[in-house]
Amino acid sequence: MAASELYSKYARVWLPDAAEVWKSAELIKDFTPGDLTLSLELEDGTKIEHKIDPKTNNLLPLRNPNILVGENDLTALSYLHEPAVLHNLKVRFIDSKLIYTYCGIVLVAINPYESLPIYEADIINAYSGQNMGDMDPHIFAVAEEAYKQMARDGRNQSIIVSGESGAGKTVSAKYAMRYFATVSCSSSETNVEERVLASSPIMEALGNAKTTRNDNSSRFGKYIEIGFDKKHCIIGANMRTYLLEKSRVVFQAHGERNYHIFYQLCASSHLPEFKAFKLGCADDFHFTNQGQSPVIDGVDDAKEMFNTRRAFTLLGIGESDQMEIYQIVSAILHLSNVEVKEQSADRCNISPENVHLMVFCELMGVPYEEMAHWLCHRKLQTTTETYVKSVSKMNAVYGRDALAKDIYARLFSWIVGSINHALKSGVKQHSFIGVLDIYGFETFDVNSFEQFCINYANEKLQQQFNLHVFKLEQEEYMKEEIPWTLIDFYDNQPCINLIEAKLGVLDLLDEECKMPKGSDDTWAQKLYNTLLKQNAHFDKPRLSNRAFIIHHFADKVEYQCEGFLEKNKDTVNEEQINVLKKSKLDLLVKLFRDDEKATSLANKPTSTIGRTGPTRRDNKKTVGVQFRQSLHLLMDTLNATTPHYVRCIKPNDIKAPFMLDPVRAVQQLRACGILETIRISAAGFPSRWTYQEFFSRYRVLMKQKDALPDRKQTCKNLLEKLIKDQEKYQFGKNKIFFRAGQVAYLEKLRSDKLRLACVRIQKTIRCWLARKKYLRMRGAAITIQKHVRGHQARCYVKFLWQTRAAVVIQRNMRMWASRSRYLRQRSAAVTIQCFWRASMARKQYYKLMFEQKAGVIQKWVRGWLARQHYRRMLAAIILLQSCVRRMRARKQLKKLKVEARSVERFKKLNVGMENKIMQLQHKINEQHKENRELSEKLISVVKTQSTEREKQNREIENLRRSEQEVRAKAETLPSLLQQLSFLQHKLENTCREKEDLEEQTKIYREQTQQVLDELNMKNNSLKSNMDELNKQILEQTQQLTEIKTNDENTKQLQKDLTEERSRYQSLLSEHLHLEERQRDLMEEINLSNSSSKDSLKRTDSNYSSISSDFSQSGSTEDEDSSIQTEDESQNTLDLPILLKLQRRLTELEHDKQSLWQQLDKREEVQQEKAKEVEEQRTVGRAELDLETLKRQELESENKKLKQDLNTLRKSLTNENSDFVPPATGSKSYNILLDQLNSSNEELEMRKEEVLLLRSHMVRQEALKHKDSALGEGLKLDLTEIPSFQDVDRSADIHTLNEDGELWLAYEGLKETNRLLEYQMHQQERVHNEKYRELVEELNKLKSVKEQQQKLFSQSLLLPEDARIEASLKLEITRLTNENLELMEQHGKQDRTIRKFKKQLKLFMKKVEDFEVSAQQKTSASGTKAAVRAVNITRKEKEYQGMLEYKEGDENRLLRNLVIDLKPRGVAVSFTPGLPAYIIFMCLRYADNVNDDQRVSNLLNSTISSIKGVIKRRGNDFEVVSFWLANTCRLMHCLKQYSGDEVFTMHNTAKQTEQCLSNFELSEYQQVLGDLAIQIYRQLIKCMDGILQPFIVASMLEHETLQGVLGSKPTGLRKRSTTFAEEEAVTVEVLLQRMDLFHTTMSQHGMDSELIKQVVKQQFYIICAVTLNHLLLRKDMCCWSKGLQIRYNVWQLEEWLAERELTDCGAKETLEPLVQAAQLLQMKKKTEADAQAICIMCTALTNTQIVKVLTLYTPVIEFEERVPTTFITTIKDIVKDRVESSTLMMDAKKIFSVTLPFTPSCVALETIQIPTSLNLSFLTRI
C-alpha cells in the first residue's frame, strides 16, 4: 500500500512533543513521495510544517481509527507503535476509568490511587471458568488463566508481577492469591490466603521502608509458591525472598526512612513490656535520624506496631519469641549510637562507660568488655601465628555497621523461615502456582550496588519474557499452518554476558574483592581496561573515573563504583560473631548456632541473599555470587512453569487518582518490556480475525453475488480484490492474519463505502424531497390562480352593481337633501319668531313683579330696623340698673364684714350652723344628683336638638338654595312659596315619623337581642356537640393509629419471618452440606480403618430435622446395597477437622434452636391474642365441665394410687407369701423404694398428661360448637391449661411418655392456636368493617358540620324572616334524614331477625334428625336378630387405601421404589407422585396396626433414601425434580390426612375417614419440609449449572441482526480455548432448555406455586449473569447490543405469557437488565438526558449506571462516545441516592421458598401398583 494512499488529506498522525511525548495532528495536504515536509494542523488549530529526515525518509506514525481506540488488547490495534499504545492506555485509564489492559500475554495494571469496587466475591465468581479473552482485562482473568492451565495441563504456573516502587505490585499479588483461595474451594483448614495476608504486616514492617518515590516501598523481592493437591485445592505455601537491602539498616538518604520496625518500636517504647529496651524517640538514634523524615503522613507507627504483633500471634510465633525479636531490633538501634573515639591514625577505642554499648550488650546477653574490644580490634591469622591488631576509627565504624546489617539480615531470614513453617502443610503437593512480586527496572540520580543487582535481575526476566513471547508467536503460526519467517527481536544476552560471564562485571568485582588491597578505584580501572572497547553495552562517563555505564534493555544507567566492594564482600569480624554466639539470648544463639544449617534453611524456603556464610575466608561467598546463584535458581523455577505477566505502571508521582503523566508512563512502558512486546507483535501479523468475524464486519465491501456459502473462500476473494500485496496478510486454518496497518486500511475502505452509501441515500432522499416540494408548489400555484381569477370576476360584477346603485342613491339623496334644507329653514324661522315673542312677554312680566316685590321688601326692612332700635335701648336700661344694684350690694357687704369680725356675732351665727351645714351638704348632694340627671337629660335633649338643628340647618340650606333659585327665577316665586309651606308641613310629618321610627328601632333592638341570645345558646350547644365529635374523632384516630401500628407490626413480623425463613433455609442447606462432608470424611476414615471398625446402630426415636453429635440416619451407599445405618469410627480421627465440624454443627443447632424459640414466641403471642378473643366470645359453661373433669380424673388417680399402695403393702407385709419382704435399709428394699418413687413421679406425669389431654378435648368440643346455638353458653378457662412454654421439646418428653401422648397434646394445642388465630383474623376483619363504618359516619358528621357552618354564616347575612325560614328548612331536612336512617336500620334489624329465625329452625331440624338417628341406632341394635334373617346381596370389594407389608420389608420397598426407580418411566406412564402415595399407604397401614416402630422406621428410611439419591444424582435435573415433587406430595399427604381441620376442609368424606388415627406426625411434616427445601436448593443449583453455558452466549454474544450494526471483533488472542467452535447458541436454545425444565416439572406433578418460584429463580439467574457479564465486557456495551438484549427479553416475556406464568414475579426480576439495555440506547448528551436516565434506571445502582456509561463503546463511526462531563452530571444527580454501592448482582442468590399446602384429589383406594415396580410383596387392604 503506497504512502500516498495512507498519508492523504485529513489523515491523522502522531507528532513528537517534549511535554506530552506525542501530540495528535491532521494532514491538511496530500503527501506525495519526494516531499520534504508534511503540512499538519494540531488539535488547537495551529498549523506547522514537519520536516522529513532525508536519510531515513521515516514518516510520522499514523493514528488508529476511532473505532479501534480503547481496545482491551493493545495488540488488536492496527498501527502498533509507542504513541498508539500510550493513547489507548490513556483513553482507557482516564476516560473509561479502566486500570487493566492486555498487551498480548501481558496484563498492564495502572495504579488508580483510589479504591475501586472491582474485587468483590461476585466479580471473582464472574471470572471463574471464563476464557481470558471473553471478559474485560483483570488480574482475576490472569489468575483464572493460570489456575485453568494448571488444572487442565497439570503444569506448574507462575505469575510475574513487576513494576516500579508504588506501582501496586503487592496489591496485585494479594488479589491474585485471594482469587486462588476463593476458586480452589479452600476451607478453614487450608485457607492459606489468610495466613499469607497475616504475614504481610510482618514483611512490611521488616522489609518495607519509605523512599523518595513511595512511602511503603518493598526493599526485597519475594516469590510465593501456593501448593495445590490433586483436587486443585490449596494445601500450603512457601515464600522465597531476594536481595534484602541491608545497607538501608545503617544509611538512609535525605527524605527516606529505615525499615518500619525501628520506628514502630520507638513509637511503642512507652508500653510496659518495652520499658526494658530503653528506647526513646526515633530522632535519638543514628540509624533512624539520617533521613530527617521520621514520620509518614497518615501513618500511626504505634498502631502499625499493634498490627505487627497481632500478625505474629496469628502465625503462631509465641510471645517470648516476639519479645526476643523486638529485643534484637532494639539492640541494633543502641548499637548505632555506640561512639568510637580516635586515638591515632590506626588506633581507636570505646569509652568504658558508653551507655548505648552497655544496653546493647545487656539486650544481646554478651559481655561488655569483649564486645567493646572486638569492635576496635581484629584478629589476623598467618600460617605461623595469630595476632590481634587495632583498627582505625573508620574501619571500626564500618565493622559496627556490618555487624548491625548481618544481625538484621539473619533475623529477617529467621522470620521468613518461621512464616514458611507456619504456612507449611503435611499433605503432598501435586502442583503449585508461583506469584513473583519483584522490583522493576530502577534508575536514580545515584545508582549503587543494589540498583545494579535489581537491573541485572530485570535483564534476566526480560530475556525470559522475550523468549516466551517469541515462542507463543511461533506456536500460533504453526497452529494455523501459515508460513513464517524468523522475527528479529531484541536479545539482551550480550548485556547479561557483560554482567555475569567470565571477566564480566561480577567476575571482576569478585576478583577485586579477593585482592588484599583492592579498592573501588582499582576495580573501576579494571573495568575500563577490560570491557570498555570490547563490549558495546559498556561505557565510561566523560567526567568521572569512578563510575561506569551499562546499556540495559530499558535505558542506559550510570553506576557509582563507591561502595561496590564493601557491599559485595559483606564482611563481618569473626570475633564479633563468636562473641554473639555465646549470648544468653536463645533466638540470637539460633541465628548464629550453625552457619551451614542457617544457610541450608535460608536457601530452601527463602533463598534470601545478603547474609554472611561460613566464617572461613576460603569458603566465603560474595553477595554477587549468592545473588547470581539465587537468580539462576529463580529462572530455572520460572522456566519450568508457564509464566503469566503483570506489569504495574505508576501513573504519576504525586499519587493523584486517575491522572496519567505521559513522560513517566512511557519510561515505565519501555522499562517493563511492553513496547518490546508490541514490536515483536508488529513484526509479524498482529491483527488476527476469524473468518466469520471478518465476513460480518466487511461484507459491506462486497456485492451480494460475491457472498458464497463457504465463508473462507468468500473472505479470500474479497481480500484479493481489496489488498493487492499478498505479503500483507496470510490465511490460516481458522483465522486471517494481517500485517500492521491493514485493519486500519480496511476500516478506511469500509467507512468510505458507508459514507458513499450515505451520500447516495442522501442524494436520493433530497431529490425525492425536492421533487415532492416542486409538485406541491405547482399544485398550490394553480389553485391560487384559479381562486384569484374567480375573485377578480366576482369583484368586477360587484363593481357594476355598485355603480348602478350609486346613481340611484345619488338621485334620491339629492332630492332628500334639498327637501330637508327647505324644511329646516322654515322651522327655524317659526322658532325664532316664537322665542322672540315669549322673551318680550317675560320682560314685561318681570318688570311688574319687580315692582311688587320691592314694596314687600321695603316693608320688612323697615320693621326689622325698628325692632333693632328697641332691643338696643332695652339692653342699655338693663345695664344701667345692674350697675346701680352692684354698687349698693358692695356697700352692704362691707357692713356685713365688719359685723362678722365681732365674737358675739360669730357665736350667734354658729348656733345651729352644724346641722344646717349637714342639711345643706345633703341638699347639695341631692342637687348634684339632680343636676347630673338634668345635665344628662339636657345633653340628650341638646343632642336631639342638635341633630334636629343640623337637619333643619340642612333643610334651611336646601331652602336657601331653593330661595336663591327662586330669586333667580322670579317668575316661579309663588310656586316656590307654596312649596316652602308644603315642605314645612312635610318636615313636621318627618319629625313625627322619626319619633315613630326611633320607637320601632328600640323594639327591634330588643327583639334582635333576644334572637342573638337564642343563637348564642344554639352556638354553645353546637360547640359542645362539636367537642364531643372531636373527642370521638380523637378516639377513632387513636384507634386508627393503633390499628396502623398493628398492621405495621404485622408487616414487620411477616418481613422478619421471610428473612428468618431464608436464613433458616440457608443454614439448613449449609448444615446438610456439612453433614454430607462429615459423612464423606467418616466413610474415608472407615475405609482407611476398615479392620478396626466398631458398628454403632442408631437408636430409634422421634426423628429430628437436624441431626447432631454426628448421629447419622441410614443412607444408601450403592445400588446393590440395602438401607443400613451408618457406622461411627471409634479409632483416632483427625481431631482438628472433627472438632471444627462439631463446632459448626453445634452453632447450627444453636441457630435452629434460636429460630424455634422465635417461632414459639410468635406462637405464644398469637395464642395470647386468640385467648383474649376467645374469652370475650365464649361463655362460662366449659369451665364447669373442665373442673368436674379434673376432679374426676384426680379422684380416679387417687383411687388407683391407693389400690397400688395397698397391694404393694400387702405384698411386702404378707408373711404367707412366697417372697420374703426385704428388710428396711437393705439393697432390695432401696431398689423397691426407688421404684415406688419413680412410679409416683410417673403417675404425676400421667396425671398431668391426662389433664392436658382432657382439657384439649374440651377445648376442641367448645371450638366445634362455637358458632352454633348450642355452643353459645360455653366458656373455656384457658388460664388453668399449661402453656406450651412449660412443655419442653427435649428428649425428656420422649423418655417420660413413650407413646408420645404429651407431645400429641402439645401439637393439639398448636392446632388450637392456629384455629384461634383464624378466629382472630375474622374478628379483625369484623373490626375493620366496624372501623370503616365509623369512618363513614365520621365523614358524614364532618360534612353536616361544614354544611351547618356554611348555613349559619349565610343566615347572619340574611334578614330576620329569611333567617328563621332557612333554619326551619335545615331542621326539617335533618329530621327527615334521621328518620330515613332509622328506617334503614329498622329494616336491617328485621332482616337479621328473619335470618336468625331461619338458622334457629335449621338447628332445630338438625337436633331432631340427630335424636331420630340415635333412636334408630338403638332400635337397630335391639332388632339385630330380625336383621340377620334378611338376605344380604354381595358387594364388590372396597379398598381402604392401605398397603400391607411385613416387618423388615422397608429396605426392599425403598430399594425398588426410591433407589432403583427411574423417574422418566414413572412420570410418563403413571400417576404423578405415585411413590409418595405408595409410601403413605404403607404408612397408613403401620398407623392402622398401631406400630410406632414401623412408622418411624419407614419414615426415617424414606428420608435417608431420598437424601442418598439426591447426593448421588444431584446433578440430574430430572431426578431432583421428581423427588422434589414426591417429597412435597408426601408432606402434603401427612398434612391432608392428619385430621387437623385446617388441612381437612377440602377433603371428601372418604378422605376424612382415612385420616391417621393413632399417631400425630407433625414433626415429620417439618422434617419433610426441610428435606424439600434442601432438594429445592439442589434443583436450583443443578438448573444454574445447566443454564450457565447458555445464558451469556444466547443473551449477549449471539446477534440476530448482523452486519453494519454488529459488534466489532476485538482481535484478542484467547489463550485457553482448546475446543473447536460450536454452533451458535441462540435464545431459542435457552428457551428450549427452559421448556424442558417446565415440562419435566409439570410431568412430575410439582405444585404450580412451586413451579412459579422455580421459574422466578431461573429468570433472576438469567438477569444476574447477563448483567454481570455486560458490566465486565466493554465490547458488549453498545447501542446494537442494547437492541439485541431487549429483543431477547421480549422473547423471554412471551415465553412466560404462553405458559400463563406472568404473575409469578419473574418479569420483575428482569428489570435491571431491561433498564441496562435501555440505558445503552438512550441519548446521552444533555442534562435533560441525564435526568431521564436517572428517572428510568431505578433498578440499577449508581455504580452500575456509571459503569455502563463508562464502558459504552461505539461500534460504527457514526456513534459517539459518552462525554466525561455527562458522566459527571450523572454522578451529581444520583449522589443523593441511598443504596448499595455494589457493582455486581449476586448470581448465587436463592430466594426463600415457601411450600403452600396443596391437597390431593386422588383417592387412595383407587391407586393400583404397577407390576413394573416389583412391589408384589405389598398387599392392598
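What you are looking at is a predicted structure, and each value in this text was computed from that prediction instead of being measured.

1. With respect to the overall build of the chain
Moving on, step 1. What the chain contains, in helices and strands, is 53 helices and 25 strands.
Moving on, step 2. Buried residues in the chain amount to 43% of all 1821 residues.
Moving on, step 3. Long-range contacts, defined as pairs at least 24 residues apart, comprise 74% of the intrachain contacts of the chain with a sequence gap of at least 6.
Moving on, step 4. Carbon and sulfur atoms form 54% of the exposed surface of the chain, whose accessible area is close to 102000 Å².

2. Some details on the pairing of strand β6 (residues 106-110)
Moving on, step 1. Burial analysis of β6 places five of its five residues in the buried class, which makes it a mostly covered element.
Moving on, step 2. Relative to β6, strand β5 (residues 100-103) is paired through four bridges, and the arrangement is antiparallel. Among the inter-strand pairings, Tyr100 is bridged to a residue of β6, identified as Ala109.
Moving on, step 3. Between β5 and the antiparallel strand that follows it, β6, lie two residues; Gly104 among them carries a positive phi value of about 70°.
Moving on, step 4. Two strands pair when backbone bridges link them, and β6 and strand β20 (residues 642-649) are joined in this way by five bridges, in the parallel orientation. From the neighbouring strand, Leu107 faces β20, where its bridge partner is Val646.

3. Observations concerning a nonpolar patch on the surface
Moving on, step 1. Residues Tyr796, Val797, Phe799, Leu800 and Trp801 make up a contiguous nonpolar surface patch of roughly 580 Å² in combined accessible area.
Moving on, step 2. Residue position: Val797 is located in helix α27 (residues 742-900).
Moving on, step 3. For Val797, a relative accessible area of 35% puts it in the partly exposed group.

4. Quick notes on a negative patch on the surface
Moving on, step 1. Taken together, the side chains of Glu948, Glu993, Glu995, Asp996, Glu998 and Glu999 define an acidic patch exposed on the protein surface.
Moving on, step 2. Mapped onto the elements of the fold, Glu998 is located in helix α30 (residues 973-1088).
Moving on, step 3. Judged by relative accessible area, Glu998 falls into the partly exposed class, the value being 42%.

5. Observations concerning the sheet that holds strand β1 (residues 12-17)
Moving on, step 1. If you walk across this open sheet you meet the four strands as β1-β2-β3-β4, and the pairing is antiparallel. Among the strands making up the open sheet, the edge pair consists of β1 and β4 (47-51). Strand-to-strand twist of the sheet, defined as the mean angle between neighbouring strand axes without regard to direction, takes the value 50°.
Moving on, step 2. Of the pairings in the sheet, the one linking strand β2 (residues 21-27) to strand β3 (residues 37-42) comprises three bridges and is antiparallel in character. When the sheet's bridge partners are listed, Glu26 is paired in β3 with Glu41.
Moving on, step 3. In the packing of helix α2 (residues 82-95) onto the sheet, contacts are made with β1 and β2, and the angle to β2 comes to roughly 100°.

6. Observations regarding the state of the cysteines
Moving on, step 1. Counting across every chain of the model gives zero disulfides.
Moving on, step 2. Left unpaired, Cys1678 is separated from the closest cysteine sulfur, that of Cys1677, by 7.7 Å.

Calculation criteria
Residue positions within a chain follow its written sequence, with the count starting from 1. In keeping with the predicted nature of the model, local features appear solely for residues at pLDDT of at least 70, side-chain atom pairs appear and are counted solely at 80 or more, and the whole-chain, interface and lining totals rest on all residues. The side-chain numbers reported here are obtained from all heavy atoms of the structure, hydrogens and water having been left aside. Helical segments are the DSSP runs of H or I of at least four residues, strand segments are the runs of E of at least two, and each set is numbered from the N terminus. A simple rule labels every residue: compare its accessible area, found with a 1.4 Å probe on the protein chains alone, to the largest value its type can have, and call it buried under 20%, exposed over 50%, or partly exposed in between. The contact rule is simple, with two residues in contact once any of their heavy atoms fall within 4.5 Å. Values of accessible area rely on a 1.4 Å probe in the Shrake-Rupley scheme; residue burial ignores everything except the protein chains shown. DSSP-based pairing: two strands are paired if at least 2 bridges between them are found. What makes a patch is a set of residues exposed beyond 30% relative accessible area and free of salt bridges, joined within 9 Å when like-charged and within 5 Å when nonpolar (Val, Leu, Ile, Met, Phe, Trp, Tyr). We define a salt bridge as a contact between a side-chain nitrogen of Lys or Arg and a carboxyl oxygen of Asp or Glu at a distance within 4 Å. Charge assignment: positive for Lys and Arg, negative for Asp and Glu; neither His nor the chain ends contribute. For this purpose, a charge sits on NZ of Lys, CZ of Arg, CG of Asp or CD of Glu. Every axis corresponds to a line fitted to the C-alpha atoms, with the helix fit spanning only the stretch in contact, and the corresponding angles, defined between N-to-C directions, vary from 0 to 180 degrees. Throughout, disulfides are identified as pairs of cysteine sulfur atoms within 2.5 Å of each other.

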